[in-house]
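Summary of the model geometry
Take a look at the letters that make up each chain.
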Amino acid sequence: AWKKFSATEFKTKDEFESEVVKHIETTLARSLFNCDEAAAYGGVALAFRDRLVIEWNRTQQRQSSADPKRVYYLSLEFLMGRALDNAMLNVGMKDVAKEGLGELGFRMEDVISQERDAALGNGGLGRLAACFLDSLATLNYPAWGYALRYKYGIFKQEIVDGYQVEVPDYWLDFNPWEFPRHDVTVDVQFYGHVRKYMDESGKQISVWEDGELVTAVAYDAPIPGFGTRTTNNLRLWSSKASHGEFDFTKFNSGEYEASVAEQQRAETISAVLYPNDSLERGKELRLKQQYFWCAASLFDIVRRFKKSRKAWKEFPNQVAIQLNDTHPTLAIPELMRILLDQEGLEWDEAWSIVQKTFGYTNHTVLPEALEKWSVPLVQHLLPRHLQIIYDINLNFMHYVERNFPKDREMLGRVSIIEESTPKMVRMAYLAVIGSHKVNGVAELHSDLIKTTIFKDFVKIYGPDKFTNVTNGITPRRWLHQANPRLSELIASKLGGYDFLRDLTLLHKIEAYVDDKEFRKEFQEIKYANKVRLAKYTKEAHGISVNPSSLFDIQVKRIHEYKRQQLNIFGVIYRYLELKDMSPEERKKVQPRVSFFGGKAAPGYWMAKTIIHLINQVGAVVNNDKDIGDLLKVVFLEDYNVSKAEIICPASDISEHISTAGTEASGTSNMKFVLNGGLVIGTCDGANIEITREIGEDNIFLFGNLSEDVEDLRHAHTYSGDFAIDPKLERVFAVIRAGRFGDAAQFSALVNSIVEHGDYYLVSDDFASYIDTQKLIDAAYKDQEAWLTKTITSVSRMGFFSSDRCIDEYAEMIWNVE
Ligand code: 26Y
């Protein structure tokens, strides 16, 4: 096995065992005689943590003395998943630990699965941030992540009678991976008002006074790189009342309850992750979260910069801040406030520093997901920031006016302030104006933002401000950790694990595409991964599935634009066709299991209805004696990162079937293909680049193109002869007939297509989807040809490493080495 560096702690299994025992008996104060798997997990995690911490301290010390330009990745979400397996693989002692654990009477998998997921995110954006941290450390970039230490991560999903029920995710009762830094705190101000006056030199001074303070306390988590000593830091802020545990004046005057209430009010700020991933709702508490986190992080960043005693103009040479979507956009006016009000810089100098410091990544073109905050709310909560935003806007309006004197409409279109009632602050515009680079997350998406939401800004700033960085995934977690046998097979052919640090080396396995032994092993690994998922499905859901069936998987947040409804309507159509067949005909059919998984935002009724329909269809189909193994429908409860590690290696086909132009990139498409699955997909997001890399013979594309979407939508509403596809009409007929339970429960879903304009083009793409699924059935029959496609695809996935992606950010946006 590969070893990272000369060991600083345990080197042998005996030393490892004694470390584990020491931690169980002393750190955890548990007796070895009733040591369960939870205690074993604790002991192992602490043993590995000790090793990580040494390198973590060294990395931070090295960086403090070299004082290079640092990257700060501001993201409200980091979907880290579990840390132990990752730590073992990155430190490179998993084999030693496995042996040692065996002697102590435990199985590695059981111990690993004791850990709760760190689920501080909703979906793709949060997981992308986690992959980026892994790559930043692996590539030795001096980088910090900044986020909130939510007490509750994304809710746990339970399915009760086919419906989603949300359960709070309290994940912190035992978390060995975080280190509270009670000495690293920042007082963050809210509310109050601004007093302006002239100083002796005649300069305008603004003072933000009164209001209330909430204290941010830092909690740090080590982020180990793979094959390197670099161990970076993820800093999470937790909120607490700023006067210590109690407000002593109130406490002493007998207002005990009031003082505790204030404490709780402060703690509410970092209490819970908002579970919406596409609908912006303008809640005051979310704005408070955003400012609390931006203010604490910027204070921290500025404090670190000031230690170097460099001039302010050096700030952008020392600091690059990446905004993960608009959620941290308040960092822009906050840095302005620090530079103007606290450091006394002039506007122009401050603004130039700000623009050079920030980069902004956009993850969506859906209008309902673009953040806007009402002016009265910002005025109330952050009065000084609102003034600064107005000043930024005023300067910007002057600039636009000078450069586009003939286009008077332009001013209203690009103003940061939307002239609605109430007025709104458009955060995406503020982010564009305050950054030096704006990037989308896949080629199509980066092109689309230039022609839609940011069209005018391309005219104003020129096209060079806008760029593309196609997303990637870390091959350490999504290949090596999730699919160790495949990783080992590849390593055996490539002469080692270098491909995990340079994924383009994968191309060398294409030479083995005709190698009998290799093919056999590759196929066996896929089968074993399907057996693993089948076993999980039986244990978790009591549904037996045959691992020889074609495994068809769609796992992602539930959203109309991602079109799980298209998938389940397709499943119903397949079921109806099977029912129509004679027993003889059925014998020729390719058996299939349709797996679904994903959470619906708690307030998103249509998404919840889709989950309900999937479960109702499963209840009918899975118990139909005519059907048997020919079709099974499984809804995998509570899809999360650790489940994705079991699911992604087990697909034959995965579905990435969003309405063209709506999915910015998608990243699970990459995970499935890297693990030897094929894709059915639309020409959307990164599917397009995946096709370019692996070849169009190796992917099943269908459906309308993004350039046709607008016309189709228009036709639905105005042409008058919009007719539902006849096959889809047949599906609707059986739903209406109550075949899957009370039809009324699904009427809104059906009517969104039949009566309300089919915004997501389900009917337009249905026939093409069904035809393509038939092609897949036929293709799967030729197992040898299928295997060739999967091996070829894996070998061509090198481009989609998040390492490539991070190197592009470093060069094009951050200017760091
Ligand atoms: C404003 C708030 C409601 C909000 C919160 C979370 C809005 C959006 C989100 C999360 C968005 C998200 O996860 N976007 C996904 O980002 C991935 C990484 O770039 C993309 O691959 C994926 O296509 C995109 O939907």
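Structure first, text after, so check above.
Residues numbered from 1 in each chain as written. Predicted model: local features only at pLDDT ≥ 70, side-chain atom pairs only at ≥ 80, totals over all residues.

**A look at the overall build of the chain**
Helix and strand content of the chain: 33 helices and 24 strands. Since a compact globule built from 817 residues should have a radius of gyration of about 28 Å, the 27 Å found for the chain is in line with a globular shape. Projected onto the principal axes, the alpha-carbon positions of the chain cover approximately 95 × 75 × 60 Å. For the chain, the proportion of its 817 residues judged to be buried stands at 47%. Considering only contacts within the chain whose residues lie at least 6 apart along the sequence, 76% involve residues at least 24 apart. (Helix = DSSP H or I, 4+ residues; strand = E, 2+ residues; numbered from the N terminus. Rg over C-alpha atoms; globule rule 2.2 N^0.38 Å. Buried ≥ 20, exposed ≤ 12 C-beta atoms within 10 Å, placed from the backbone. Contact = placed C-beta atoms within 7 Å.)

**Here's the deal with helix H33 (residues 802–814)**
With 13 residues, H33 ought to run about 18 Å at 1.5 Å a step, yet its terminal C-alpha atoms sit only 16 Å apart, falling short of that. Along H33, the residues that are buried comprise Ser802, Asp803, Cys805, Ile806, Tyr809, Ala810, Ile813 and Trp814. Projected onto a plane normal to the axis of H33, the buried residues spread over an arc of 160 degrees and lie on a single side. One or two steps after H33, the chain reaches Asn815, where phi turns positive at roughly 55 degrees. (Expected span 1.5 Å × (residues − 1). Arc of directions from axis to C-beta.)

**A closer look at the sheet that holds strand E15 (residues 417–418)**
What the three strands build is an open sheet, ordered E14-E16-E15; its pairing is antiparallel. The open sheet has two edge strands with one neighbour each: strand E14 (372–374) and E15. The sheet contact formed by E14 and strand E16 (residues 424–426) spans three bridges and is antiparallel. Residue pairing for E16: Lys372 is matched across the bridge by Arg426. (Pairing = 2+ DSSP bridges.)

**Section: the site of the ligand**
In the vicinity of the ligand, 22 residues are found, and the nearest of them are Gly124, Leu125, Val441, Ala664 and Ser665. Of the residues belonging to the shell around the ligand, the class tally is six nonpolar, 12 polar and four charged. Two domains each donate at least three residues to the shell around the ligand, and these are domain 2 (67–82 + 117–470 + 807–814) and domain 3 (545–794). (Near = placed C-beta within 6 Å. Nonpolar A, V, L, I, M, F, W, Y, C, P; charged D, E, K, R; others polar. Domains from an automatic or database assignment.)

**Points about the sheet that holds strand E20 (residues 592–597)**
If you trace the six strands from one edge of the open sheet to the other, you get E21-E20-E19-E22-E23-E24, paired in parallel fashion. One side of each edge strand has no neighbouring strand; the edge strands of this open sheet are strand E21 (631–636) and strand E24 (700–701). The pairing of strand E19 (residues 550–555) with E20 spans six bridges and is parallel. If you follow Phe551 over to E20, its bridge partner there is Val593.

**Examining helix H9 (residues 284–307)**
In an α-helix there are 3.6 residues to a turn, and that puts residues three or four apart on one side. Its 24 residues give H9 an end-to-end C-alpha distance of 35 Å, which sits within 8% of 34 Å, the value for a rise of 1.5 Å per residue. Leu287, Gln289, Gln290, Tyr291, Phe292, Trp293, Cys294, Ala295, Ala296, Ser297, Leu298 and Ile301 are the residues of H9 that are buried. After H9 finishes, the residue Arg309 shows a positive phi value of roughly 55 degrees.

**Some points on the environment of Ser206**
Mapped onto the elements of the fold, Ser206 is located in strand E9 (residues 204–209). Judged by local crowding, Ser206 falls into the partly exposed class, with 16 C-beta atoms found within 10 Å. Each C-alpha atom, one on Ser206 and one on Arg195, is 5.8 Å from the other, the two residues being 11 residues apart in sequence. Setting aside residues up to four positions removed in sequence, Ser206 forms contacts with Val194, Lys196, Asp341 and Arg384.

Everything listed here is a matter of geometry and, on its own, says nothing about what the molecule does.
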